[in-house]
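Observations on the model geometry
The residues making up each chain are set out below.
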Amino acid sequence: MRRAATIALVAAVRHRVELRRRRDHPQLGLAVFLGAAVGTLFVVGSLPIPYYEAFWPEPGAFHYGTLVADEPDRVLVRAREIAAIALVVIAGLAGLSATTSEDWDSPPVELLTAVPLPTAILGVLGDELLESSWFVVPVAVAGSLAFAAGTGQPVVLVGVLFGSLVIVATGLVIGTAIGIGTRAAIRGSPRLYRSRNAVGFVALFVTFVGLVASRTAGGALARTPLGWYGDLLLVTTAGVDATLAYGVVATVASGVSLAAALAVVVVSARVLWFAEVDHDHDHSHERERDDRSHTSATETNGVDTESTASTATDSSVQSPLETTLGHVLSRPTMAVTRATWRRIRRSPNALVFVVLPFAIVGPATANVAIQWPQLVPVLVTLYAAAAVGLGTTLNPIGNERIALPAILTTPTGRRSVLRGHAVAALVPGVPTAVTVAIVAGSVTGYSVGQLAALVVVAVALTVGGVGVSLGIGSFLPNLKGPTAASLSPPELYAMVGYLFAMSLLSTPAFAGFAAIGSGNANPSELPTLPIYGPAFAVVVTVLLAGSVGFAGYRYAARTLDRYEAGGE
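Keep in mind the model is a prediction, meaning the values are calculated, not measured.

Scoring rules and cut-offs
- Residues numbered from 1 in each chain as written.
- Predicted model: local features only at pLDDT ≥ 70, side-chain atom pairs only at ≥ 80, totals over all residues.
- Heavy atoms only, no water.
- Helix = DSSP H or I, 4+ residues; strand = E, 2+ residues; numbered from the N terminus.
- Buried < 20%, exposed > 50% of the residue type's maximum accessible area, 1.4 Å probe, protein only.
- Areas by Shrake-Rupley, 256 points an atom, 1.4 Å probe, with all protein chains shown as cover.
- Core = buried A, V, L, I, M, F, W, Y, C linked by side-chain atoms within 4.5 Å.
- Contact = heavy atoms within 4.5 Å.
- Phe/Tyr/Trp six-rings, centres within 6.5 Å; stacked < 30°, edge-to-face > 60°.
- Patch = residues over 30% accessible without salt bridge, like charges linked within 9 Å, V, L, I, M, F, W, Y side chains within 5 Å.
- Salt bridge = Lys/Arg side-chain N within 4 Å of Asp/Glu carboxyl O.
- pLDDT = per-residue confidence, 0-100.
- Axes fitted to C-alpha atoms, helices over the stretch in contact; angles between N-to-C directions.
- Left-handed = near helix turned anticlockwise from the far one by under 90°.
- Nonpolar A, V, L, I, M, F, W, Y, C, P; charged D, E, K, R; others polar.
- Polar contact = N/O pair within 3.5 Å; in protein donor to acceptor, adjacent residues only side chain to side chain.
- Parallel < 35°, antiparallel > 145°, perpendicular 65-115°, else oblique.
- Expected span 1.5 Å × (residues − 1).
- Bend = angle between axes of the 7 residues up to and from the residue.

**Re the overall build of the protein chain**
When helices and strands are tallied, the protein chain shows 26 helices and zero strands. Residues counted as buried form 49% of the 568 residues belonging to the protein chain. Accessible surface, the protein chain: about 26200 Å² in total, of which carbon and sulfur atoms supply 68%.

Structure, rendered in structure tokens:
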């Protein structure tokens, strides 16, 4: 009992420190709130509230609560699907957090000198679980309340809330154990261990796919023992033929799984904290070269950690594209651009975010192609344009973290960094987005004028998106990376905020191109504009993306100014 109290104290103190850090950085708390709010919106679903039902008509927990009396079998089937999906999704998110968390990189010395090793490990685990609970517990509680309110039976809340918390606890602990165990398993391979961020983000990608395809995957998962957690949710719901034995087995299985998961965490954390593995051996020469480059750059113009040395020593191996850009761009901007491209080759993990939107856009495109085929090119173009801003521009300050002191003491350092990252993204990004737009529009049957409008929209969203990316990345920077000279993956919160902003910027394009074919029958009842809709899309998208992108760029510049003035 005393040991459990010590573990709880360690977890509470560490979590309190994290909350204080968030108080100093309110954008982190805002991101957590938005994540929980979006999850709650999906789980609770539509409510009989004026205007809200029109805003969010998708059925959720409240809707299925109202069906208990009339369609109990349907409610049971859906509960099993949701319970199984929730368990898998929560475990996947917890596994991602454990895979990328820095708490498991090195042992906390202050704890190891005060408490036994297993107590310290479980205390750190408790802090991790508290951190993750801010996302999932509000969603679980809100869903339980909504379902109970829909049934009109207060006693229903007991079973639903208990089952929801069991699912949350099981998913978080097992997912964390899987993530830490995976890290410990690949600890002996320096190359694999350095790629753990990519592995974790791939897991997030799979989780997003599961979320989008939940209606298809839910039936298969519900037929496994994971579906028994749905029976646990409904054991106190009168009228639903939930199997009590399934609920009991699910609860016992969770208890056994939690005990096994805790044992895995203790063993794996011991390996991660004390295994003698040199992860930098294979790249020692590269690190030395980066150090020499940083010293040279700092002594010369302070623009980039390796750019000046690269300019001086590698000019003979410049590509024709770099040579051409060198005649157009200033030397500091070109140095940042060149260095960013080279870092991409060394730190491809930082670009994993680029493929994540496909988890949402891919399945959505299939549905849109059936109902509104004229919007498929716009959707694909939006993905291509958004992918450009999901790279290095989503973390400009973090990517230049080691050179910030030098950058901020040079007259053109700030602008060179922002321009360099923008050019590094736009040079390959704009042609790619334009090509995607032309191919998608041609396949769909757009006319020449419509193709031209789509190309303009693609360019506007790509260029404006880079400005938005710079602004959001400056607001939510990630100042830590695998090595001093490598790229840092952007914050997950920054990615979510950027994708939300891009969806808003593309709204005029969807509205405008919906007018294509408006002169024909419209069985899908998609709201349309007059036939000049694509022209409307071009004008509004260019103005909106241009103004918001410029505002994002200006915010990034002012953020660097604040770093110089206040040392933020």
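**Some thoughts on the nonpolar core**
Ranked by size, the top nonpolar core spans 33 residues in total, and within it Leu394, Leu461, Ile472, Tyr498, Met502 and Phe513 carry the most contacts. Those elements that provide at least two residues to this core are helix 19 (376–388), helix 22 (413–444), helix 23 (448–475), helix 24 (492–505), helix 25 (507–513) and helix 26 (533–566). Looking at which element gives the most residues to this core, the answer is helix 23, with eight residues. With residues up to four places along the chain from it excluded, the contact list for Leu461 reads Leu382, Ala385, Met502, Leu505, Ser506, Thr541 and Ala545.

**Some thoughts on the environment of Val68**
Here Val68 is to be found in the loop between helix 4 (61–66) and helix 5 (72–100). Owing to a relative accessible area of 4%, Val68 belongs among the buried residues under this scheme. For the pair formed by Val68 and Ala238, sequence separation is 170 residues and the distance between their alpha carbons is 8.4 Å.

**Quick look at the packing of aromatic side chains**
Overall, the coordinates contain four aromatic pairs when judged by the stated rule. Measuring from ring centre to ring centre gives 4.7 Å for Trp228 and Tyr246, while their planes differ by 10°; the resulting arrangement is stacked. Linking Trp228 in helix 12 (residues 228–233) with Tyr246 in helix 13 (residues 244–274), this pair joins segments that are 18 residues apart in sequence. Residue classification places Trp228 among the partly exposed residues on the basis of a relative accessible area of 27%. Judged by centre distance (6.3 Å) and plane angle (65°), the ring pair of Phe475 and Tyr555 falls under edge-to-face. Of the two residues, Phe475 sits in helix 23 while Tyr555 sits in helix 26, which places them 80 residues apart along the sequence. Taking relative accessible area as the criterion, Phe475 reaches 33% and is therefore assigned partly exposed. Assessed through its relative accessible area of 25%, Tyr555 is described here as partly exposed.

**Things to note about a nonpolar patch on the surface**
Nonpolar side chains collect at one region of the surface, where Val235, Leu244, Val248, Val252 and Val256 lie side by side and expose about 440 Å² of accessible area between them. Relative to the elements of secondary structure, Val252 occurs in helix 13.

**Brief notes about the confidence of the model for the protein chain**
Overall, the prediction assigns the protein chain a mean pLDDT of 78, with 74% of residues at 70 or greater. Residue range residues 280–316 is modelled with pLDDT below 50. Its contacts to residues more than four positions away, or to other chains, number 59 contacts.

**Looking at the pattern of salt bridges**
This structure, assessed with the given rule, holds five salt bridges. Here Asp127 and Arg14 are joined by a salt bridge, their closest N and O atoms 3.7 Å apart. Taken together, the residues Asp127 in helix 7 (residues 117–151) and Arg14 in helix 1 (residues 2–24) connect sequence positions 113 residues apart. Pair check on accessibility: Asp127 and Arg14 agree, each one buried.

**Focus: the packing of helix 23 against helix 24**
For the pair helix 23 and helix 24, interaxial distance at closest approach is 10 Å and the crossing angle is 145°. Here the hand of the crossing between helix 23 and helix 24 comes out right-handed. On helix 24, the residues touching Leu461, Gly465, Val468, Ser469 and Ile472 of helix 23 are Ala494, Gly497, Tyr498, Ala501, Met502 and Leu505. Grouping the constituent residues of the contact of helix 23 with helix 24 by class yields eight nonpolar, three polar and no charged.

**Structural notes on the side chain of Thr151**
Relative to the helices and strands, Thr151 resides in helix 7. Looking at Thr151, its side chain comes within polar contact range of the main-chain oxygen of Ala148, at 2.8 Å. Thr151 has contacts with Gly65, Thr66, Val68 and Val156, leaving out every residue within four places of it along the chain.

**Details of the side chain of Ser133**
Within the secondary structure, Ser133 is located in helix 7. Ignoring any residue separated from it by four or fewer positions in sequence, one finds Ser133 in contact with Pro138 and Leu172.

**A closer look at the packing of helix 7 against helix 8 (residues 156–185)**
Here helix 7 crosses helix 8 at 155°, and the two axes come no closer than 9 Å. By the criterion of interaxial angle, the relationship of helix 7 to helix 8 is roughly antiparallel. Every pair of crossing elements has a handedness; the one defined by helix 7 and helix 8 is right-handed. Counted by class, the contact of helix 7 with helix 8 contains 16 nonpolar, six polar and no charged residues.

**Examining helix 7**
Counted at 1.5 Å a residue, the expected span for helix 7 with its 35 residues is 51 Å, and the 48 Å between its end C-alpha atoms agrees. At Ser133, helix 7 is bent by approximately 50°, the largest bend along its length. Gly152 occupies a position one or two residues after helix 7 and carries a positive phi of about 75°.

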